[in-house]
Amino acid sequence: MSIDLNNFEGGIRKSFGNACALRSLDMSQNSLSEEFLRIIHYLSGCARYSLEKLYLDMNQINGTLPDFSTFTSLKELYLSENKLNGEIPKDIQFPPQLEKLDMGSNSLKGVLSDYHFANMSKLQELYLSDNSLALSFTQNWVPPFQLLIINLRSCKLGPTFPKWLQTQNKYDIIDISNASISDIVPEWFWAKLPLLNDWLQMNISYNNLQGIIQNFPQKNHFYEMSLGSNQFEGPIPLFLRDSFLLDLSKNKFSDSILFLCGNGTIETLYQLDLSHNQLSVQIPDCWSHFKSLTYLDMSHNKFSGKVPTSMSSLFDLQALLLRNNNLTNEIPFSLRSCTKLVMLDLVENKLTRPFPAWIGSNLKELKILSLGSNNFYGTLPTQICYIKNIHLLDLSINNLFGQIPKCINSFVAMTQNVSNDYHQYRYDLGTMSGYNLYFLNDLFYVERFKTNVHEQWVVSFKKH
């Protein structure tokens, strides 16, 4: 029975519990607000022996969790995005036939132990993210299940790295981000990656994970690898190049040469974030390896020297962020080939020479151009006015002089609300294709000044 995507309020009918042939009940995405214990009580007639799928996600259901063990046929239980709360009782158990359990995005508290998962040998998908739950298992506990999806974001798994994950050899999605883990990632965790499924999706960000990541030979690809906001150090391992989306930001990586300049053409890497690390010396000049790169963030590092000319081979590049480094000389003329650029951010470097007129002539798709806090000098060329879709233009704290071109008045896009502005690109990975997007407002800052009446966007041309 499916009555999802409606506006039903209150609770479910008592008569559902007497439907002895009821196998599936889908009331997701409604406005149910009844206490969960009462819902389960209504279903505890003969329906508890036949019910295999129960979808109550995206409602307003409140209360604590009951014991589900009497629902002996239940295979799928979806309770996410409700208002469930309170402590998880220590003595409840889940149905032994359960394959999919989703309790994410509630206000549940307490500790889940190996007792709660006893006899659950068929469990394949576990979603507990965004609660206040802790998972505490006895030492050397071997789960009876092999999970395909592990979604435990914001649960407390630490402080040590969860040893029970060593037993899981089939997952293709794992999210243990923001899980209070403060430990060196064991070698077995990285070593098992080549043995897992193709297109693994992994998020271990926002912990305090430490150590050097060893390089392992890869036989599969990673759809998304999020390792940001940890304490990883040393060289970036070569095997991470086999990713689609790769976030290594806010770590202590200090060497990118092997990663960027290793042998082989990289066809799959579309988004790369290396910002807020300790990468230094010159940016390696070997970007011709990357055939699909669309988004590149290397800001807030210690790079020096020139912007490499081989970046001009990144024909699909839409966002290039090199803010807060020590880059010198000019913006290479060869970047005029990157005609798909939507965002170019080179703020807080030591770039010099007159403002490059070719930016306006060739990069007409730009929405964000940030060149502030450099050493550009001279007058502003009229070609700047060719960038009709510009939302943010920052040329502050340079040595520009002369008159501002009058055509700046035609930048009407600056007056529009860009709070939800995003840009998307198409990807094609052979077995997968589609569109991905990033939000521009998450990537840039704007200078604003307040009058006593209203707030305005400004284009800043401050002198040094």
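Everything discussed here concerns the structure shown above.
For the structure given in this document, a descriptive report is provided here.

Definitions and cut-offs
Residues numbered from 1 in each chain as written. Predicted model: local features only at pLDDT ≥ 70, side-chain atom pairs only at ≥ 80, totals over all residues. Heavy atoms only, no water. 1 Å grid on protein atoms, 1.4 Å probe; cavity = no way out; pocket = protein on both sides within 12 Å on 5 of 7 lines; lining within 4 Å. Points joined across faces, edges and corners; volume = space filled by probe spheres on them. Nonpolar A, V, L, I, M, F, W, Y, C, P; charged D, E, K, R; others polar. Buried < 20%, exposed > 50% of the residue type's maximum accessible area, 1.4 Å probe, protein only. Helix = DSSP H or I, 4+ residues; strand = E, 2+ residues; numbered from the N terminus. Pairing = 2+ DSSP bridges. Salt bridge = Lys/Arg side-chain N within 4 Å of Asp/Glu carboxyl O. Patch = residues over 30% accessible without salt bridge, like charges linked within 9 Å, V, L, I, M, F, W, Y side chains within 5 Å. Areas by Shrake-Rupley, 256 points an atom, 1.4 Å probe, with all protein chains shown as cover. Lys, Arg positive; Asp, Glu negative; His and termini not counted. Charge placed at Lys NZ, Arg CZ, Asp CG, Glu CD.

## Structural notes on the layout of surface pockets
What the second largest pocket holds in volume is close to 260 Å³. What lines the second largest pocket is a set of 18 residues, and nearest its centre among them are F137, T138, P162, K163 and W164. Here the lining of the second largest pocket is composed, by residue class, of nine nonpolar, eight polar and one charged.

## With respect to the pairing of strand β16 (residues 222–226)
Among the five residues in β16, four count as buried, and that is most of the element. As paired strands, strand β14 (residues 200–203) and β16 are joined by four bridges and run parallel to one another. In the strand pairing of β16, N203 is matched with S226.

## A word on the pattern of salt bridges
Applying the stated criterion across every chain, the model contains seven salt bridges. Measuring nitrogen to oxygen at the nearest pair gives 3.2 Å for the salt bridge that ties D175 to R153. Of the two residues, D175 is situated in strand β13 (residues 173–175) and R153 in the loop between β12 (149–151) and β13; the sequence distance between them amounts to 22 residues. A relative accessible area of 9% means that D175 is categorised as buried. Residue R153 is classed as partly exposed on the basis of its relative accessible area, which comes to 29%. Note that D316 is salt-bridged to K340, the shortest N-O span being 2.9 Å. Taken together, the positions of D316 in the loop between β23 (302–305) and β24 (319–321) and K340 in the loop between β25 (326–327) and β26 (343–345) put the pair 24 residues apart, joining distant regions of the chain. Look at K340 and you get partly exposed, because its relative accessible area is 41%.

## A look at a positive patch on the surface
Taken together, the side chains of R23, K53, K75 and K122 make up a positively charged region of the molecular surface. Residue position: K75 is located in the loop between β5 (62–63) and β6 (76–78). Among the residues examined, K75 registers a relative accessible area of 32% and is labelled partly exposed.

Any functional reading would require information beyond the geometric quantities listed.
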